Amino acid sequence: MARRSLTIAIDGPAGAGKSTSAQDLAQALGLRYIDTGAMYRGVAWAAVQEGLAPDNRSQVRKILSRTRLTLSDEKRPRLFVNGVDASLAIRTPQVSQAASRLATVPEVRTFLVRAQRVLARGGGVVMEGRDIGTVVLPNADLKFFLDASVEERARRRWKELRAKGKKDSLRSIASAIRERDLRDRTRAVSPLCASPDAVVLDTTHNSRVQVKRLLLDWVRRKTSRAR
Ligand code: DC
């Protein structure tokens, strides 16, 4: 199996290191990186802008019909919502919570899953999210589920925010992560869970480099086995 045509799914809760690992892997293998969380965030941002409740089905339906999302695959991936660069705006705590609420709406999931399958057509992608291995790309060549303790995930987020000059407390970050985890894992449609055929990795005690090495080992095993 040629590495360049691989389809790789990476799922897991917020802060488990998915984004970094998915980008590292995509770069190392020359594959396209697709952040599906950014797509949920983009629609949530549009809803917040218009003052609409992100979990009100009829209001959200309106937003979907007039929201065009474009992901650009550059060194630093960017998301455009109706032509506006929303890459930074979608990362606020307000949009995080709105995206998690929006992600419970079935119409939103149907709309975005369809768009994600189109993006992955033909392979050559590392797609990251919550339901990629289970729902979006059930036939992916390789599936990973990354997890880490809530404390460690909060600590990573705290460090990231501090580097940006933000002073949120570790406690408030951990509590927001717990709230999002609960909603993501217990929602009726496509709850966050590991696909039975996914490689489950707990990254609590692993550095970025170690995780990258582990993932690349799995890719190597997969591609040499399939030859
Ligand atoms: O990965 P993230 O934190 O940027 O995702 C934002 C929200 O979107 C998250 O609360 C869960 C939701 N999401 C989802 O339900 N399914 C996906 N494939 C990706 C994200």
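The shown structure was predicted, so the numbers you read here are calculated from the model rather than taken from an experiment. (Residues numbered from 1 in each chain as written. Predicted model: local features only at pLDDT ≥ 70, side-chain atom pairs only at ≥ 80, totals over all residues. Heavy atoms only, no water.)

A.B. asks: Tell me about the pattern of salt bridges, residues and numbers included.
C.D. replies: Applying the stated criterion across every chain yields a total of 19 salt bridges. For E50, the salt bridge goes to R66, with nearest N and O atoms at 2.6 Å. In this pair, E50 sits in the loop between helix 2 (36-49) and helix 3 (57-65) while R66 sits in the loop between helix 3 and strand 3 (69-72), placing the two residues 16 residues apart along the sequence. Classification of R66 as partly exposed rests on a relative accessible area of 42%. Here D55 makes a salt bridge to R101, at a shortest N to O gap of 3.0 Å. One end of the pair, D55, is in the loop between helix 2 and helix 3; the other, R101, is in helix 4 (residues 93-102), and 46 residues separate them in sequence. Residue D55 is classed as partly exposed on the basis of its relative accessible area, which comes to 36%. Three or more residues joined by partner-sharing salt bridges are found here, namely R57, R61 and E107. (Salt bridge = Lys/Arg side-chain N within 4 Å of Asp/Glu carboxyl O. Helix = DSSP H or I, 4+ residues; strand = E, 2+ residues; numbered from the N terminus. Buried < 20%, exposed > 50% of the residue type's maximum accessible area, 1.4 Å probe, protein only.)

A.B. asks: Lay out the side chain of S96 in plain terms, naming residues and giving numbers.
C.D. replies: Note on placement: S96 falls in helix 4. Judged by relative accessible area, S96 falls into the buried class, the value being 9%.

A.B. asks: An account of the site of the ligand is needed here, citing residue identities and associated values.
C.D. replies: Around the ligand there are 16 residues in total, and R41, R109, R130, D131 and R187 lie nearest to it. One of the side-chain N or O atoms of T36 is found 3.0 Å from a nitrogen atom in the ligand. A distance of 3.3 Å separates an oxygen atom of the ligand from a polar side-chain atom of D184. A total of 450 Å² of accessible area belongs to the ligand in isolation, and the protein chains cover 97% of it. Only helix 2, helix 4 and helix 8 (170-186) provide two or more residues apiece to the shell around the ligand. Looking at the shell around the ligand, the element that brings in the most residues is helix 2, giving 4 residues. Within the shell around the ligand, the residues separate by chemical class into 4 nonpolar, 4 polar and 8 charged. (Near = heavy atom within 4 Å. Polar contact = N/O pair within 3.5 Å; in protein donor to acceptor, adjacent residues only side chain to side chain. Areas by Shrake-Rupley, 256 points an atom, 1.4 Å probe, with all protein chains shown as cover. Nonpolar A, V, L, I, M, F, W, Y, C, P; charged D, E, K, R; others polar.)

Don't take any of this as a statement about function, it's just geometry.
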